[in-house]
Number of protein chains: 2
Amino acid sequence: MKKIIAGLCALFCTTAALAQKQPYQYVRPIIGTEKMGHTFPGATVPFGAVQLSPETDTISYAQNGKYNPDVYKYCAGYQYSDKTIVGFSHTHFSGTGHSDLGDFLVMPTVGKLQLNPGTAAHPEDGYRSAFSHKNEVVEANYYKVKLDDDNITAEMTTTPRVGFHQYTFPKSDQSHIILDMMAGLYNYDDKEVWTFVRVVNDTLVTGYRQTTGWARTRTVYFAMTFSKPFSSYGQKNYDAKQVYRGFWGKFDQNKNFPEMAGRKIRAYFDFKTEAGEKIKMKFALSPVSQENALMNLKAEAPGWDFEQVKAAGQQSWNKELNKIAVTTINEDDKINFYTAMYHTFINPTLYTDVNGEYRGLDQNNHKAEGFNNYSTFSLWDTYRALHPLFNIIQPKRNADMVSSMLAHYDQSVLKMLPVWSNSANDNWCMSGYHSVSVITDAIIKGNYTGDANAALDACVTTARHRSYEGIGEYIDRGYISSESNGTSVSNTLEYAYDDWCIAQLAKKLNNTAIFTEFSKRAENWKNVYDAKSGFMRPRLKDGTFRSKFDVLSTNGQGFIEGNAWNYSLYVPQDPNALIALRGGKKHFETHLDSLFTMHLPDEFFAETEDITREGIIGNYVHGNEPAHHAAYLYNYTGSPWKAQERLRMVLKKMYLPTSDGLGGNDDCGQMSAWYLFSSLGFYPMAPGSLNYELGSPGVVNATLNLENGKTFKVTTKNQSDKNVYVSKVILNGQALTRTYITHNEIMNGGNIQFIMSAKPNRK
Amino acid sequence: MKKIIAGLCALFCTTAALAQKQPYQYVRPIIGTEKMGHTFPGATVPFGAVQLSPETDTISYAQNGKYNPDVYKYCAGYQYSDKTIVGFSHTHFSGTGHSDLGDFLVMPTVGKLQLNPGTAAHPEDGYRSAFSHKNEVVEANYYKVKLDDDNITAEMTTTPRVGFHQYTFPKSDQSHIILDMMAGLYNYDDKEVWTFVRVVNDTLVTGYRQTTGWARTRTVYFAMTFSKPFSSYGQKNYDAKQVYRGFWGKFDQNKNFPEMAGRKIRAYFDFKTEAGEKIKMKFALSPVSQENALMNLKAEAPGWDFEQVKAAGQQSWNKELNKIAVTTINEDDKINFYTAMYHTFINPTLYTDVNGEYRGLDQNNHKAEGFNNYSTFSLWDTYRALHPLFNIIQPKRNADMVSSMLAHYDQSVLKMLPVWSNSANDNWCMSGYHSVSVITDAIIKGNYTGDANAALDACVTTARHRSYEGIGEYIDRGYISSESNGTSVSNTLEYAYDDWCIAQLAKKLNNTAIFTEFSKRAENWKNVYDAKSGFMRPRLKDGTFRSKFDVLSTNGQGFIEGNAWNYSLYVPQDPNALIALRGGKKHFETHLDSLFTMHLPDEFFAETEDITREGIIGNYVHGNEPAHHAAYLYNYTGSPWKAQERLRMVLKKMYLPTSDGLGGNDDCGQMSAWYLFSSLGFYPMAPGSLNYELGSPGVVNATLNLENGKTFKVTTKNQSDKNVYVSKVILNGQALTRTYITHNEIMNGGNIQFIMSAKPNRK
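Residues numbered from 1 in each chain as written. Chains lettered and ligands numbered in written order. Predicted model: local features only at pLDDT ≥ 70, side-chain atom pairs only at ≥ 80, totals over all residues. Heavy atoms only, no water.

What follows concerns the sheet that holds strand E8 (residues 136-139) of chain A. Residues and elements named next belong to chain A. Within the open sheet, the nine strands sit side by side as E8-E9-E10-E11-E19-E15-E14-E13-E17. Their pairing is antiparallel. Two strands bound the open sheet, and with one partner strand each, they are E8 and strand E17 (259-262). Here the strands of the sheet are splayed against their neighbours by 15° on average, with no regard to which way each runs. Judged from the four bridges that link them, E8 and strand E9 (residues 142-147) form a sheet pairing that is antiparallel. Bridge pairing in E9 places Val 137 opposite Lys 144. Where helix H4 (residues 306-321) meets the sheet, it contacts E8, E9, strand E10 (152-158), strand E11 (162-169) and strand E19 (277-286), and its direction lies at approximately 45° from that of E10. (Pairing = 2+ DSSP bridges. Helix = DSSP H or I, 4+ residues; strand = E, 2+ residues; numbered from the N terminus. Axes fitted to C-alpha atoms, helices over the stretch in contact; angles between N-to-C directions. Contact = heavy atoms within 4.5 Å.)

Shown next as C-alpha cells:
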C-alpha cells in the first residue's frame, strides 16, 4: 500500500475507525494520478460539471510547432511525482488518453505579483508553488494542500456546477488571487480563441473562455464571487498582436479596468490579509451564458459555509456509493472497490444549467426537457462496461445519457450519434459507432423509455453514414480494406458488433427489415479472418490478405489500441461462431492461454504509447480496452476455471490502492467499471445482450441496492485470495448449471452465491 | 450633374416622369461613394440591420504589420472609381471615417472554382469581377450590377434583417456562389476570431462570424437559404496553423462536409444553371443566435418574390421620406434633399431580433421590452443635428435610441453611456460623452418618456467617470492639461457643452444640486481660452498656455478633427458669453469672416486625413463637424445675412448630386442632417435647447408631416439660387423679430414663411 498519502492514513487507518467508515471514506482520488492512470485528485461530485483540481504542470501540446510527447502525462493536469502546483482549474477529464479542458486556472500568491507560471525547476520565478504530499489531503469532493512557496493553504470542494475555493493566507499587504485565462490542458499557441472578463463589482466577476482543441468550437462561461472585496485588480494581455484598436488606448486597461477581452489574458485580484485569514471564492460554470453561470452559483452555493458544501458533496458521494455495499477480503480491496466506483461516477459529466439549458452540438442553446443533458462520452471505452454498469445501478442517469446522445444526433448536421461527445462538440476520437451499443443496451434492459423507434432510426442512420471512416466500403465490400485506413480490421470488427446491437434493437421493435440488414452486417467480422494465419488480418481491396502483417503491432497496422492477438478475440456478439471459425474450442483456448502467458519483445513497448511491461499480463493488455472481455471467453471453451484464475489475477495485479495503482488510463471509468463487474463476479461480455458472463468474485459479499427498491446480493463461501476458483454457483437457492446470469435475474432482486475453492472446477 | 449613373437617368430624367415621382425615386445612394463620402451604394431599408452592398476592394487595414493608409477609402467597401467588384457583403457603416463590418461576403461565379478574391488589376485571377457603372442600377433598397467576368447579373434588396440576392447566371455546369467568411472591412490578419458554418440541408446554411476590430468582441449569426438546392459544396480553411486536431482528419472536410469551423474559411456552393436562370438567396442576420437568424428570415422574408421584397422596402423608404415633402428650386436640390434624408435614416441601425432579443454590451443576451434596440451610435458626429432631426421627424425612434443608450449604460461595467456604440461594443471613438446631449434633448423635447431621473443618473455617472480621457483632471482643474493628452482643448470644450446639457436636464427635473454642479462645469470652456492669442489654446498643468501653438494644426495639438480656428467657436451652449470673452461682436465677426475666407497653406492638407481643398471654404471645414454650427453664429453678431450667405454657399458647394458629391464623410448621417436642417432654414445650434437658429432655406417649400398628426410648413417667397438673403420671416402670420424659432412652434404645427431677396437685410 505504498504512497497512500499520510493525511488519509492519519484519518482512517485505525481499525476502530474502519468499522464505522462510510463508503465515501474509502475513496482515494489519488489512485491513478501517477504514471498512466490519468485520473485527477481534485474535488468533484458525482457526474458534476465542475472538476476542481490542481495542475502540476501546464506543459504545451506542441512546442515550436512539434508535438511534445511529455504532454501525455498531463491529460488530467496532475502527476503524482511532480513537486510543484501551478494552480487549480475547474474542468478535467478522468482517465483519458488525449485531453482538453483545464479551464480557469486559479492560484493564490503573496508578495510581488508574478503573472507567469514559472517553471517546475524554479517555481519561485512564477506564481506556481512547491508542495509536498505530506501536506495534501485528498478525499471525495475535498482537496487540500499547503503551497509552500507562499505559506498558503488551499482547500477546495464543489457542487455540481460550482467550485468552492478556500485559501488561508499569511499576513500580507500583497495577497493575490490569480485567474489565468490562458492556462489549459493540451494547450497550444492558437488554442485560445477568445476570452472575456467582466468585473461587475469588487466581489463579482463574470466572463467566458473560448477554445479550439479536442473540442473544436467550445465556450465555457463563468461567474466567480469572493467572500471579501478585492482592493484592486488588473490584467496582462499576452497577445503581442492584439493592438488596442479603435480607441481602447484611452483607458489603462492593465489596472482596475473592468472589461477585459482578448486571446491571452491573465487577470489578478489584490487583497490585504491578516495571518490565517481565509478568503473564499466560488466559481460557477455554464455552457450557455454568464447569466446562467451566475444563476447556477446562486442556486447551488448561495452561502459561504465551506464545510457545509464539502459535507453535502461527500454525502452525495455516499448516496451513490451506497448503491453497492461490499465486504471484502481486506481493506485494500474495499478501497479499490469504492475508488473504482468513484471513478465510474465522474464521467460522463453534467452539461446543462440548473434551468435545463445547454449548448448543443449545433452551437445553439437548447433546453433539456425531461432529462439532464450530459457530455464527455468516451464511448469506444465506456460502452463495454461503464454504461452496462449504469444500466444496473444508475438506470435513470443512463436513460438521460441516452437522451443526451439522441439530442446530439438531432443537432448533428452529419446526422450521427456521438462518437466522443466533448462539450457541444464531437472530437471523433477512436472508432466505431458505439452509441448504438449504449442505446440498444438501455432500451433492451428497459431503462430508456423514450421513443425507441426514433432511437433505432438514429442508430441506423449513423451506421449508414457512408463517408465516415470506411462505412461505405464496409457496406459494399463487407470489410474495410487495408488500403483505406490503418485501422481497417479493428473498425470492421467493431462495426460488426455495433451492427449486431442494431439488429437486437430492431428485433425488440419488430422491425424485420432492419433486423435482417444488420444481422447480416453483424457477420462481417468473418471477412477479416484469415484462416491461414489464424488471425484477424488486414485485407486488401482485391480480397487477398496483406502480406505485411505483424501480429504484435498495435501501431496503425490494421488495428487501434490493440494488436492482432487481442483483436482476434473481438467478436463479443458471437463467441461460439468465432471459436468455430478459429478451429474449435481447443485451438481457441490455446490462443487464449498464449495471450496471457507469452513474452513480448522490448520493441513492442517502444512503439506503444501507454503500455509498459507492468501494465500487461503476457500479451493481454488490460490498460487498453479491446480485450476486456477476453478472460471471460474461457467460459465458451469449457474452461471457466481459467477465466476465474485470470480474472482474479487481473483484479489483483492491475488495480492497486496507490497513486500508481492503475495499469492504464482509467478511460472515463471503463477500467473501473471492469473492476466493479469482475469483483462482483459477472461481466457484460456483449452489451445489447441480457446475459452477464460469470467470473470469480473478488468481494466477500455485495448488496446491490437497486433503484427499483429491490436488492441483489452477491455472497461467497470460502472466499480468499487463494480460493479464486468457483466450485459452485447458487442462484436464489438453486445450483446454476450455466456460466451466465441474466439482467432480469439481477433486477428482480435475489441472491447469488459463489462457493469458492483453491482448486479449479474443471467440469 | 456629372456621374449620375445612366440607369437612373434612363428611368427618371424625363420631365413627365418627374411630375409623378415619389420621394424614394429621388434617392441616389451613389452620392458620396466617391472620394471622402464613405457612403455605400447597396440596398437597405430605413435603420435596417442589413446593409447589402458591393465591395470594390478588400484591402487590409495593415500590411506586414504596418497601417495601410489606402484602407481609409474603403470604410464603406465601395469606391466609385474602382473597376472591379469583389462581392456583396451584408453589413456596412454609412459615412464613417474608420470602419469594421463587411460580414459574409457573397460572390457568384461560373467556371473553374476560384476561392481567392484576385486583384483589382487582375480580377480574372480570383472570384472578383470587372464591372462598369453603365450596367449598375442604384436605388433605395435596390442594387443591380452586371459582373462582366462571368456574365452574371447580380441584384439585391433587403428587409430590416434579411439580405435578398438574385443572381442571373449564364448556362454552366460550374456555377458557384462563394461565401467568404474571411472577407471584411478594415481587416487584419488576426481580426477573424472564429467562424462556424453549418450546412443544415441542400438549401439552408446557418452559422456565425466572430471578429475583433473596432468592435472588440463581436459575433454576427446568420441563416442563408437558396431558392434552388446546391449540388455540392465545400470550403477551404486558410489558417495554416489550424491542424485538424483530435480526429477531424477522419473526414474530408473540404468537400460536402456540413460542419465547418475555424478562423479563416471560405465556403462555396455549386449549381448547374441554364442560360438566364435565376438563383435567389436570402441571408438573415442576428446578434443573438443562428436560431434567431432563422426566425428573422422566416418572419421577414418567407417567400421568394424578389420584386415584392424590393417594392416593400422601397415603400418603407417612401413612408419615411414622406415625412418631409419638399419642392425645390431645381431637380438637383430635390435629389440632394431626399438623398440626404435617405442617408440620415441608415444609421443608427436596428440591433435586435424580431422577438426583441439582442446581444448586450455585457455579452449577455437581453430582451428589449417596450423598445427596439439600436446600435451604430457615432455620437460625436450625430448629437449635433441627426438626433435633433429625429426629435422632430422620428421622435418614437429617437426615444428607442435613448432607451438603447440607457440599456447600454445598464450593461456597462464601466458605468458609462455609449461613446460610439458598435454591435454590443463601445469602440470609444472620438471624444466627449455626447449621449448626454441626445438624452437631454430627447427628454427636454418630450420624446423620451421613460424614467428621466434614471437617465439623469446615467448622464451624471458617465460625466463623473474620472478615469475616462481626462475627466478627473477636468473636474479638479477645470480643464484638461496639454500634458495629459493631445486633444485637451477640444475635450474640455466638448465636456463643457455636455455638462451644460446635464444641467438643463437637471433643471427640468428640479434637481438643483446637479443643476448647480454641472452649470459650473459648463463654464469650463473659459479655462482654455487664451485672451492673448484670442484662441482656445492648449494649457499646461501650471496654468500657463503652451508656447508651441499652431492655430491651423488639427493633428493632436490640443484638438481633434478641427483646429484652433474652428474650435475657438465651439461654445454652442453660450455664444453670447463666448463673443463677450472674445472681444465682442465686431471682433468675433472678424474671426468668422476670416474663417470663411482665409487661404490655407498646402501643408495643412498634407497633415489632415480627410480634408482636401475642395472640401473646405477658407478654413471652414464642413467635412468635419466641430464648426457645423459656425455659420449660424452670425445670428449672434448682428449679421444674420452673413449666416444666410454662408449657409447657402455651403448647401450649394458641399452637397452635389454626384458620386463625389459629399465634401467629407457623411458620418452616419450628420452631414446629411445638417443639409436637411439648413435646407429647411433652421438649425439646432445647441441640442438640449428648445431653440433653432434661423438660416436661409434652400427649399422652395417644405411640409413636415409630424408623428403627432400636425404639419409644419416652410414656405418661401422669391426663392432662387441668387435670392439667398432673408428679408423677412413670418411665423404663423406674424412677422418674426428674432433669429430663432422654438421646438414647440414646430411641433404644434403651423407655418413659417421666408421672404427671400438678392440683397442682404442688414438690420
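Turning to the relation of the copies chain A and chain B, a few remarks are in order. Mapping chain A onto chain B is achieved by rotating through 180° and translating by 0.0 Å along the same axis, at an RMSD of 0.1 Å. These values place the two chain copies in the arrangement generated by a two-fold rotation axis. Residues of chain A ranked by C-alpha distance from the rotation axis are headed by Val 193 of chain A, positioned 3.2 Å from it. Interface overlap between copies is the fraction of interface residues in one copy that are interface residues in the other; for chain A against chain B it reaches 100%, indicating a shared surface. (Least-squares fit on C-alpha atoms with pLDDT ≥ 70 in both.)

Next up on the list: the packing of helix H9 (residues 435-444) of chain B against helix H10 (residues 452-463) of chain B. Residues and elements named next belong to chain B. Relative orientation of the contacting elements H9 and H10 amounts to 160°, with a least axis distance of 10 Å. Here H10 runs roughly antiparallel to H9, going by the angle between their axes. In terms of crossing hand, the pair formed by H9 and H10 is left-handed. Residues Val 436, Ile 439 and Ile 443 of H9 lie in contact with H10, whose contacting residues are Ala 452, Ala 455 and Cys 459. Taken together, the residues of the contact of H9 with H10 sort by class into six nonpolar, no polar and no charged. (Parallel < 35°, antiparallel > 145°, perpendicular 65-115°, else oblique. Left-handed = near helix turned anticlockwise from the far one by under 90°. Nonpolar A, V, L, I, M, F, W, Y, C, P; charged D, E, K, R; others polar.)

On the chain B side, the residues contacting the 53 residues of chain A number 53 residues. Note on chain A versus chain B: buried area summed over both sides is about 5,000 Å², and carbon and sulfur give 52% of it. In this structure, the connection of chain A to chain B is made through 22 residue pairs in polar contact (both at pLDDT 80 or more). The set of elements that each furnish at least two residues to the side of chain A that touches chain B consists of strand E13 (192-201), strand E14 (204-211), E17, helix H3 (290-300) and strand E23 (365-367) of chain A. At seven residues, E13 of chain A tops the list of elements feeding residues into the side of chain A that touches chain B. Within the side of chain A that touches chain B, the residues separate by chemical class into 23 nonpolar, 16 polar and 14 charged. (Buried area = accessible area lost by both parts, 1.4 Å probe. Polar contact = N/O pair within 3.5 Å; in protein donor to acceptor, adjacent residues only side chain to side chain.)

Further remarks concern helix H12 (residues 488-508) of chain B. All names here are of chain B. Compared with an ideal rise of 1.5 Å per residue, which puts 21 residues at 30 Å, H12 spans 30 Å between its outermost C-alpha atoms and is within 8% of the ideal. Counting buried positions along H12 gives 19 out of 21 residues, so the element sits mostly inside the fold. Directly beyond the C-terminal end of H12, a positive phi value near 60° is found at Asn 510. (Expected span 1.5 Å × (residues − 1). Buried < 20%, exposed > 50% of the residue type's maximum accessible area, 1.4 Å probe, protein only.)

Another point: the pairing of E10 of chain A. Residue and element names in this part refer to chain A. In terms of burial, E10 is largely enclosed, as seven of its seven residues are buried. Here E9 pairs with E10 via five bridges, running antiparallel. Bridge pairing in E10 places Tyr 143 opposite Met 156. The turn linking E9 back onto E10 is made up of four residues, and Asn 151 within it adopts a positive phi angle of 55°.

Residue and element names in this part refer to chain A. Looking at where Thr 344 falls in the secondary structure, it is placed in helix H5 (residues 331-344). Thr 344 gets classed as buried once you look at its relative accessible area, which sits at 0%. Of note is the side chain of Thr 344, whose polar atom sits 2.6 Å from the backbone oxygen of Met 341. Ignoring anything within four residues of it in the chain, the contact list for Thr 344 reads Phe 47, Leu 386, Leu 389, Phe 390, Gly 669, Ser 672, Ala 673 and Leu 676.

Between its first and last C-alpha, helix H16 (residues 585-597) of chain A extends 18 Å over 13 residues, near the 18 Å set by a 1.5 Å rise per residue. Contacts from the buried residues of H16 of chain A go to strand E28 (535-536), helix H14 (564-567), helix H15 (575-581), strand E29 (616-617), strand E30 (620-621) and helix H18 (640-654) of chain A.

We now examine the side chain of Thr 349 of chain A. Mapped onto the elements of the fold, Thr 349 of chain A is located in strand E21 (residues 349-350). Not counting chain neighbours up to four residues away, the residues in contact with Thr 349 of chain A comprise Phe 47, Gly 48, Gln 51, Asn 373, Tyr 374, Ser 375 and Thr 376 of chain A.

What is shown is where atoms sit, not what they do.
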